[in-house]
Structure formats: structure tokens, C-alpha cells
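Chain by chain, the residues run as shown.
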Amino acid sequence: MLKTKVVEVVSAERLFFIALLPPPEVQQVATKIKEHFAEVYNSRHALNSPPHITLQSPFKWLWENLPLLETSLAEFAGQEAPIPVILDGFGAFPPRVIYINPLRTPELIAIQQKLTEHLRNTCGIVDPKAKSRPFAPHVTVAFKDLTKSNFRAAWNEYQTKSLNYQFTVPNLTLLLHNNKRWEIQQEFPFQIGD
């Protein structure tokens, strides 16, 4: 009797997303808040990525086609000015998400819309959920593993906390999931000046 060998084909698709990352000093503050959520509210999942504002939610992309994606992002970023960001307090998507609140400035809304259109036109990347919900910029500090009861307790603590930062983001950032956490794959500088 012949034995057939099953060959498992390993998918070359990897998981990516595209974001704006705050400067290191603001990332440190946001990470400390995430660590507070891990210690006090048993919500650790947000520690699996650097603090960020998602512009393009996670999508699968063939690893061998990474140069095409990187070229597309470099071209896009090269045509855009650095993005001013204002972080002002905290917000929530009940019953599981608490975030640092970026103001919905015209620049932030525009960069997300332009990037979405650019990715659709150059790479065929489309987020099906984006059509049913508006862009809601946020810097997540707790989600997914935040229980409903811990959400209520944490939101009581954070909903009136003050936090204010203003900065300009000089790069568009491509992040890659390494099967454990998100890490920076590459940064694409925005055009300097107007």
C-alpha cells in the first residue's frame, strides 16, 4: 500500500497595518498608561504594538510583493506634508476599548482618506469595514482583553483625566505582525515643508 505524503503549503501572506506613530516621548507616556492597564485592569493586549493612530487597519499581503507595497507607500508619503496631531484626553468605544483621543483635525481626516484611496488604486487594498463606519482616530491603551467590569472601573478613572500633547508626525509607518506582536517594518518620510 502506497503512503501519500501530505505537503503543507506555508502561506507567504503576512499581516500588516499602516499608522502614524507619536514621537518617542509621547510613546513612552502612552506605554506607561498601557502598562497601568495591564497591572491594574488585567488588560495586556494593547502592549503588543507601539502606540499609534491606525490609518489602514490590518490586511494580509504576500511577502514576496512587499517591494510593491513599500514603493507605493514611499510615493504616497513623498507627496504629503508632515501631519500635525493634537492628543486631548481619553475616549472609549464601550464596552471594551479605551484610548487616548486625537482630535479629528482636517489634516488627520484627509491623510487617512487619501491613503485609503491610494492603497485601493495602487495595491488593491480595501478594508470592507471602512465603508460601514467613519474613520475614528484613536491611540488604544486597552482593548480586547479588557473585561466589561474592568472597562467600567477604568473608564471611571480615565474619562476625566487630562492629557494634552501637540506634535507633528514626520513619517508614515508600516507595521508587520511577527506572530506575537506588531513591529515597525519601515517608515516613509512625509514631504518636508508645504
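Everything numeric in this text was worked out from a predicted model, so none of it was measured. Per chain, the residues get numbers from 1 upward, laid out in the order the sequence is written. Where local features are concerned, this predicted model is filtered to residues with pLDDT of at least 70; where side-chain atom pairs are given and counted, the filter is 80 or more; whole-chain, interface and lining totals use all residues. Remark: hydrogens and water are excluded; side-chain values derive from all non-hydrogen atoms of the structure.

All right, on to the overall build of the protein then. Secondary structure summary: the protein contains four helices and eight strands in total. When each of the 194 residues of the protein is scored for burial, the buried share is 42%. Here a residue-residue contact requires only that any non-hydrogen atoms of the pair lie within 4.5 Å. If you take every contact in the protein between residues at least 6 apart in sequence, the share linking residues at least 24 apart comes to 79%. Under the DSSP-based scheme used, a helix requires at least four consecutive residues in state H or I and a strand at least two consecutive residues in state E, with every element numbered from the N terminus. For every residue, the accessible area (1.4 Å probe, protein chains only) is compared with the maximum for its type, and the residue is labelled buried under 20%, exposed over 50%, or partly exposed between those bounds.

Under the convention used throughout, the expected extent of a helix is 1.5 Å for every residue step, that is, one less than its residue count. Under the 1.5 Å per step criterion, the end-to-end length of helix H2 (residues 66-78) is 18 Å for 13 residues, consistent within 8% with the ideal 18 Å. By the burial criterion, the buried members of H2 are Leu66, Leu69, Glu70, Ser72, Leu73, Phe76 and Ala77. Down the axis, H2 shows its buried residues gathered within 160° of arc, on one side only. Tucked into the core, H2 has its buried residues touching strand E1 (13-20), strand E2 (53-62), helix H3 (106-123), strand E7 (171-177) and strand E8 (182-189). For this quantity, the arc is that covered by the directions from the helix axis to the C-beta atoms.

Salt bridge, as used here: a side-chain nitrogen of Lys or Arg that lies within 4 Å of a carboxyl oxygen of Asp or Glu. According to the stated counting rule, one finds two salt bridges in the structure shown. Ionic pairing is found between Lys114 and Glu80, a salt bridge with its closest N-O pair at 3.1 Å. Note that Lys114 is positioned in helix H3 and Glu80 in the loop between H2 and strand E3 (83-93), a separation of 34 residues in sequence. Here Glu80 falls in the buried class, since its relative accessible area comes to 11%. Between Lys161 and Glu157 there is a salt bridge; the shortest N-O distance is 3.6 Å. Accessibility expressed as a relative area gives 27% for Glu157, which makes it partly exposed.

Glancing now at the pairing of strand E4 (residues 97-102). For E4, a buried count of five out of six residues is recorded, marking the element as mostly surrounded by other parts of the structure. Judged from the five bridges that link them, E3 and E4 form a sheet pairing that is antiparallel. Counterpart to Phe93 in the pairing with E4 is Val97. A strand pair is defined by DSSP finding two or more bridges across the two strands. Once E3 ends, the chain turns through three residues before running back antiparallel as E4. Of the pairings in the sheet, the one linking E4 to strand E5 (residues 139-142) comprises three bridges and is antiparallel in character.

This next bit is on the environment of Phe90. If you trace the backbone, Phe90 turns up in strand E3. Once the C-alpha coordinates of Phe90 and Asn164 are considered, the two residues, 74 residues apart in sequence, prove to be 9.8 Å apart. Among residues more than four places away in sequence, those in contact with Phe90 are Ile33, Tyr99, Ile100, Asn101, Trp155, Tyr158, Lys161 and Leu163.

Purely geometric stuff here, so don't read any function into it on its own.
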